[in-house]
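Below are the chains, spelled out letter by letter.
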Amino acid sequence: QVQLVESGGGLVQPGGSLRLSCAASGSIFNINAMGWYRQAPGKQRELVATITSGGRLNYADFVKGRFTISRDNAKNTAYLQMNSLKPEDTAVYYCNINAQITTNIQRNYWGQGTQVTVSS
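What comes next concerns the included structure. (Residues numbered from 1 in each chain as written. Predicted model: local features only at pLDDT ≥ 70, side-chain atom pairs only at ≥ 80, totals over all residues. Heavy atoms only, no water.)

1. Notes on the side chain of Asn98
Inspection of the secondary structure assignment puts Asn98 in strand E9 (residues 91-102). By relative accessible area, which is 17% here, Asn98 ends up buried. Ignoring anything within four residues of it in the chain, the contact list for Asn98 reads Ile31, Asn32, Ala33, Gln106, Arg107 and Asn108. (Helix = DSSP H or I, 4+ residues; strand = E, 2+ residues; numbered from the N terminus. Buried < 20%, exposed > 50% of the residue type's maximum accessible area, 1.4 Å probe, protein only. Contact = heavy atoms within 4.5 Å.)

2. Some remarks on the pattern of salt bridges
With the rule as written, the count across this model stands at 4 salt bridges. Arg38 is the salt-bridge partner of Glu46, the closest N and O atoms lying 2.9 Å from each other. Glu46 gets classed as partly exposed once you look at its relative accessible area, which sits at 32%. Accessibility expressed as a relative area gives 6% for Arg38, which makes it buried. As a salt-bridge pair, Lys64 and Asp61 come within 3.1 Å of each other at their nearest N and O atoms. For the residue pair Lys64 and Asp61, the accessibility class agrees, reading exposed in each case. (Salt bridge = Lys/Arg side-chain N within 4 Å of Asp/Glu carboxyl O.)

The following block contains the structure:
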């Protein structure tokens, strides 16, 4: 069984910063990609950023230049450094991984979500 534990959310003023963490544990052979998604009230879940095992990055246009995704493969942990936060960044942020459970089985897993609120 695979578990994702997210942390780092909270309340921050506009222009502030937060750093989210997502630690994966359990029966994982290898993690292919790790990513962050978010869902604001009344809206669909949307991609924020992803990073592959080889370090390839992908960002949504609305976070380019403000957010940075990274990962520590030894710790099976992904991070999202969020700077210059705006009220429209307010959402529940979810971690997602695509993991090899065995040499020929891949599955996607989601974290429980962490609330990020940007408000003065």
